[in-house]
Amino acid sequence: MSQDQDLAPDDAPQRVFTRALCVVMGVWLLLIAATPLVIDHAGQRAVRASDAERETAAQPASIRLIALDLDAAARAPAGAGREAALEAARREILRLNDLESRRSALLSDDAAAGSEVAKAALATLGLMDEGMDETEARRQSSVFARALAPVAERDAIRTSVAAQDARRVARLTIWAAFALNVAALVGLGALVAAPARRRLDTWVAANREAGREDRFQMMHDPVTKLPNSTYLRAYLAQISASAERETELTAIYRLDLDKFKTLRETLGQRAANEIVRITARRLRQSLRAGDFAAYLGQDDFVVIAKDLPDASAVTQIAARFQHALGMPFSLPSGARRLTCSIGVALASDDEVDPERMLANAEIALGEAQALGPGNIHHFRKSLRAEAEKRETLYTELLGGLTRGELVPFFQPQIDLVTGAVSGFEALVRWRHPTRGLLPPGAFLDFAEQAELTERIGEVVLAQSLAALTAWDAAGLHVPKIGVNFALGQLRDPRLIERIKWEVERNDIEPRRISIEVLETVLITSDTDMVVRNLRGLASAGFMIELDDFGTGHASIQNLRRFMVNRIKIDRSFIFGIETSEESLSLTASMIAMAKALGIRTVAEGVETETALAMLQDLGCDHAQGYLIAKPMSQTETFRWLANYRARPAAMTGDPNTA
């Protein structure tokens with residue numbers, strides 16, 4: 001079926017309506033145009049008939065005047081007296097003739113019809129000459145009067161009937177025109193106004209519904225159908241306006257699904273949207289009458305509960321939400337269980353400002369997430385000061401990245417068999433403009449929470465590659481450099497391409513770059529992207545190094561899965577190796593296991609000659625620690641490498657000479 005055929009049924013009523021409208025409007029316009037002409041014509045005929053009636057009524061008087069003039073002419077002797085009387089009769093006859101002609105024209109539209117009265121009067125005047133005696137003149141005058149009287153009476157009757165007929169026709173014409181116009185108006189109303197009103201009502205209703213839909217779409221989220229941030233802030237503004245009059249508690253709950261970002265990366269956006277929809281539905285079902293829920297995007301939900309009697313009721317509602325969201329989520333990929341963290345703030349906790357209330361709940365949520373998945377935390381005013389400190393730190397850290405204040409410090413590693421330098425580990429430091437040089441512990445944990453580790457990693461990698469290039473240019477060969485990668489970087493789907501591009505741009509061989517990953521990343525990471533990136537980097541020739549080994553209990557399966565080349569034994573085992581049999585046994589076990597798997601080992605935190613000797617006896621491959629050298633700037637590495645190259649096979653144990 002063609003598109004026109006598809007549209008024809010919908011267009012047919014519109015065409016019928018349009019045609020009816022054109023016909024009725026055309027007829028009505030014709031009636032409107034013709035009515036004044038018809039009424040004017042009928043009125044003119046009625047006016048002419050009335051004038052004729054009046055003029056006919058005046059005929060007897062004219063005839064009497066003519067008769068008196070003729071009688072006077074008959075009585076007067078021949079001469080000037082008779083001529084004067086005849087002249088007066090002639091003028092009256094001419095006036096009567098003119099009147100009769102106009103009356104005939106009014107009645108018959110024939111001005112040339114003539115007048116019987118005028119003809120008789122003229123004929124009489126023709127007979128009454130100067131030689132006529134008095135008796136004859138009076139006789140003719142009497143004959144004239146008798147002859148004209150019936151004519152005048154007959155004309156009066158005929159003219160009166162004609163005038164009445166003309167007036168009746170005028171009245172009928174006016175009423176007929178009025179009736180036709182009324183009929184046309186009724187038809188216009190029935191065929192046009194009523195359908196137009198229905199169509200107008202339909203249009204108004206459709207526009208009202210569209211307006212409601214637009215307002216709904218503007219104030220609600222399309223996925224969850226819950227109010228959005230705009231609606232939420234308007235609702236909070238209402239609460240703020242009435243807060244002083246409220247005696248009950250009003251609680252603002254900020255809810256986040258734990259590990260939602262990881263789940264979205266694993267299952268995809270469609271499954272994530274389904275989880276969000278299910279979460280919204282469960283929240284709605286958990287609300288009390290009068291409670292309000294909103295969705296701010298991602299996995300961020302806000303619930304406002306009013307009229308709470310005490311703090312225990314606030315906690316009970318939060319527990320109800322956790323119970324509802326703790327039920328399994330049925331997804332196409334299978335059932336999934338999620339937990340949620342909740343931050344709670346009361347409207348009375350701070351000034352009744354919508355943004356402050358939301359911020360208070362968000363601060364409490366951050367504290368709940370810091371405690372671990374599935375926690376509830378209530379806002380305290382002291383938390384705001386801590387949050388403001390974190391905000392200041394974020395601003396300063398972001399500015400430091402922009403200004404180049406974050407730089408790598410390099411700590412050397414040596415081969416325990418040859419004593420030669422086997423590489424450096426790049427450890428980031430922050431040259432804070434007011435607080436001086438800050439170690440990683442002062443900002444890295446916060447940077448990970450603020451999702452800045454990726455940018456920091458990029459800075460450290462770029463400067464480490466530049467350092468390798470500078471050492472090579474100075475003839476100071478460094479076999480490799482280790483760069484720490486955070487979990488956020490390892491989840492980046494473009495990580496392999498970025499690192500390969502940086503290495504190729506600096507003309508550095510991939511085997512000279514060691515990707516250092518915390519052991520806890522391998523254990524806690526539940527995304528295939530980390531596996532793909534690490535295996536891809538290993539296949540491209542990069543070294544994969546497991547940092548802080550022994551603290552997270554990584555399995556042998558994970559070592560093989562992630563294609564690990566080296567493990568770094570955590571300093572907590574090395575620190576007590578001289579005095580603790582347990583540390584010595586654990587260290588020996590880790591070294592033996594690594595050798596069995598073909599994985600080389602690096603001991604961190606070596607600070608004494610005794611520890612170094614024991615590690616050599618256990619068969620450890622490399623060592624790193626203050627005994628060898630503290631982390632140093634790139635400038636300091638040139639002097640250290642030059643001094644160390646002069647004594648490549650000896651370790652004196654003096655860190656200052658090393």
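Treat the numbers as computed from the prediction; the structure is a model and nothing was measured. Numbers given to residues run from 1 along each chain, matching the order in which its sequence is written. Where local features are concerned, this predicted model is filtered to residues with pLDDT of at least 70; where side-chain atom pairs are given and counted, the filter is 80 or more; whole-chain, interface and lining totals use all residues. The basis for every side-chain value is the complete set of heavy atoms in the structure, and neither hydrogens nor water enter the calculation.

### Structural notes on the packing of aromatic side chains
Move 1: Ring pairs are drawn from Phe, Tyr and Trp, using the six-membered ring of Trp, whenever the two centres fall within 6.5 Å, and their geometry is named by plane angle: stacked under 30 degrees, edge-to-face over 60, tilted for the rest. Per the counting criterion, the structure on display carries eleven aromatic pairs.
Move 2: Note on Phe 410 and Phe 424: the rings are 6.3 Å apart at their centroids and 80° apart in plane angle, and the pair reads as edge-to-face. Here the residue Phe 410 occupies a position in strand β8 (residues 406-415), and Phe 424 occupies one in strand β9 (residues 421-432), the gap between them amounting to 14 residues.
Move 3: To sort residues, take the accessible area from a 1.4 Å probe on protein chains only and compare it with the maximum for the residue type: under 20% means buried, over 50% means exposed, and anything in between is partly exposed. By relative accessible area, Phe 410 is classed as buried at 0%.
Move 4: Aromatic side chains Trp 430 and Phe 443 sit 5.6 Å apart centroid to centroid with 85° between the ring planes, which places their arrangement in the edge-to-face category. Of the two residues, Trp 430 is situated in strand β9 and Phe 443 in the loop between β10 (436-438) and α12 (444-449); the sequence distance between them amounts to 13 residues. Considered together, Trp 430 and Phe 443 belong to a single accessibility category, that of buried residues.
Move 5: Charge-over-ring contacts are defined here by two conditions on Lys NZ or Arg CZ: a distance within 6 Å of the ring centre and an angle within 35 degrees of the ring normal. The ring of Phe 329 has Arg 282 sitting right over it, with the charged end atom 4.3 Å from the ring centre. Under the scheme used here, helices are H or I runs from DSSP no shorter than 4 residues and strands are E runs no shorter than 2 residues, and both carry numbers assigned from the N terminus.

### Some remarks on the pattern of salt bridges
Move 1: By definition, a salt bridge exists where a carboxyl oxygen of Asp or Glu is found within 4 Å of a side-chain nitrogen of Lys or Arg. Taken as a whole, this structure holds 22 salt bridges when the rule is applied.
Move 2: Between Arg 505 and Glu 502 there is a salt bridge; the shortest N-O distance is 2.8 Å. Taken as a pair, Arg 505 and Glu 502 lie in helix α15 (residues 495-505) at a separation of three residues, close to a single helical turn.
Move 3: Judged by its relative accessible area of 18%, Glu 502 falls in the buried class.
Move 4: In this structure, Lys 595 and Asp 621 form a salt bridge, with 3.9 Å as the shortest nitrogen-oxygen distance. Linking Lys 595 in helix α20 (residues 581-597) with Asp 621 in the loop between α21 (609-618) and β16 (622-623), this pair joins segments that are 26 residues apart in sequence.

### Section: the packing of helix α13 (residues 453-473) against α15
Move 1: Helix axes use the C-alpha atoms of the stretch in contact, all axes being lines fitted to C-alpha atoms, and the angles between their N-to-C directions lie in the range 0 to 180 degrees. At their nearest, the axes of α13 and α15 sit 10 Å apart, and the two run at 25° to each other. It follows from the interaxial angle that α13 and α15 lie roughly parallel. Judged by the twist between their axes, the crossing of α13 over α15 is right-handed. Contacts from Glu 454, Glu 458, Leu 461 and Leu 465 of α13 reach α15 at Arg 498, Ile 499, Glu 502 and Val 503. Roughly parallel here means an angle under 35 degrees, roughly antiparallel means over 145, roughly perpendicular means 65 to 115, and every remaining angle is called oblique. Two helices that cross are described as forming a left-handed crossing if the nearer one is turned anticlockwise from the farther one by less than a right angle, and a right-handed crossing if clockwise. The contact rule is simple, with two residues in contact once any of their heavy atoms fall within 4.5 Å.

### Regarding the packing of helix α11 (residues 381-403) against α13
Move 1: Packing of α11 against α13 leaves a shortest axis separation of 11 Å and a crossing angle of 25°. By the criterion of interaxial angle, the relationship of α11 to α13 is roughly parallel. Seen along the crossing, α11 lies across α13 with a hand that is left-handed. Only Arg 455, Ile 456 and Val 459 of α13 make contact with α11, whose side of the interface consists of Leu 397, Leu 398, Leu 401 and Thr 402.
Move 2: In the contact of α11 with α13, the residues fall into five nonpolar, one polar and one charged. Each residue is assigned to one of three groups, with Ala, Val, Leu, Ile, Met, Phe, Trp, Tyr, Cys and Pro labelled nonpolar, Asp, Glu, Lys and Arg labelled charged, and all others, Gly among them, labelled polar.

### What to know about unusual backbone geometry
Move 1: At Lys 259, a position not held by glycine, the phi torsion is positive, near 60°.
Move 2: Relative to the helices and strands, Lys 259 resides in the loop between β1 (249-257) and α7 (260-267).
Move 3: The exposed category is assigned to Lys 259, whose relative accessible area is 57%.
Move 4: We note that Asp 307 has phi near 60°; this positive angle belongs to a residue other than glycine.
Move 5: When you line up the elements, Asp 307 lands in strand β3 (residues 300-308).

### A closer look at the sheet that holds β3
Move 1: Strand order across the open sheet formed by five strands is β2-β3-β1-β6-β7, with mixed pairing between neighbours. For this open sheet the edge positions go to β2 (292-297) and β7 (376-378), each flanked by a neighbour on one side alone. Averaged over all pairs of adjacent strands, the angle between their axes in this sheet comes to 20°, without regard to strand direction.
Move 2: Strand contacts of helix α10 (residues 354-371): β1, β3, β6 (340-346) and β7, with the helix running at about 140° to β6, the strand carrying the most contacts. Two strands qualify as a pair provided DSSP detects at least 2 bridges between them.

### Let's talk about the pairing of β6
Move 1: Within β6, seven of the seven residues are buried, leaving the element largely enclosed by the surrounding structure.
Move 2: Here β1 pairs with β6 via seven bridges, running antiparallel. Bridging across to β6, Ala 251 finds its partner in Leu 346.
Move 3: Inspection of the sheet shows β6 paired to β7 by three bridges, in the parallel sense. Looking at β7, one finds that Gly 343 is bridged to His 377.

### A word on the nonpolar core
Move 1: Core analysis: the biggest nonpolar cluster contains 76 residues, and Leu 397, Trp 471, Ile 499, Ile 513, Ile 515 and Trp 640 have the highest contact counts within it.
Move 2: Tallying contributions element by element places α13 first for this core, with seven residues.
Move 3: Membership of the second largest hydrophobic core comes to 33 residues, among which are Val 276, Ile 278, Ile 317 and Leu 331. In these notes, a set of buried Ala, Val, Leu, Ile, Met, Phe, Trp, Tyr and Cys residues joined through side-chain atoms within 4.5 Å is what counts as a nonpolar core.

### Observations regarding the pairing of β2
Move 1: By the criterion of burial, β2 is predominantly enclosed, with five of the six residues buried.
Move 2: Two elements, β2 and β3, share five bridges in a ladder whose sense is antiparallel. Pairing of Ala 294 across the sheet is with Val 302, part of β3.

### A word on helix α9 (residues 311-325)
Move 1: A helix is expected to span 1.5 Å multiplied by its residue count minus one. Between the first and last C-alpha of α9 there are 22 Å, a value that for 15 residues agrees with the 21 Å anticipated at 1.5 Å per step.
Move 2: Within the sequence span of α9, burial applies to Ala 313, Val 314, Ile 317, Ala 318, Phe 321, Ala 324 and Leu 325. Viewed along the axis of α9, the buried residues span an arc of 140°, placing them on a single side of the element. Along α9, exposed side chains directed more than 90 degrees from the buried face belong to Ala 311, Gln 316 and His 323. This arc is built from the directions going out from the helix axis to the C-beta atoms.

### What to know about the confidence of the model for the protein
Move 1: Confidence per residue, as judged by the predictor, is encoded in pLDDT with a range of 0 to 100. Scored by pLDDT, the protein has a mean of 78; 68% of the residues are at 70 or more.
Move 2: In this model residues 108-115 is a low-confidence stretch, pLDDT under 50, and it forms twelve contacts with partners more than four residues away in sequence or in other chains.
Move 3: Predicted confidence for residues 646-658 stays below pLDDT 50, and this span has 22 contacts to residues more than four positions away or in other chains.

### A look at the side chain of Lys 568
Move 1: Relative to the assigned elements, Lys 568 resides in strand β14 (residues 566-569).
Move 2: Among the polar contacts listed, one links the side chain of Lys 568 to the side chain of Glu 425, at a separation of 2.7 Å.
Move 3: Other than its neighbours up to four places away in sequence, Lys 568 contacts Gln 413, Glu 425, Glu 516, Glu 545, Leu 546, Asp 547, Asp 548, Phe 549, Val 602, Glu 604 and Gln 624. We define a polar contact as two N or O atoms separated by no more than 3.5 Å, with the added condition that, inside protein, one atom must be a possible hydrogen donor and the other a possible acceptor, whereas residues neighbouring each other in sequence contribute only through side-chain atom pairs.

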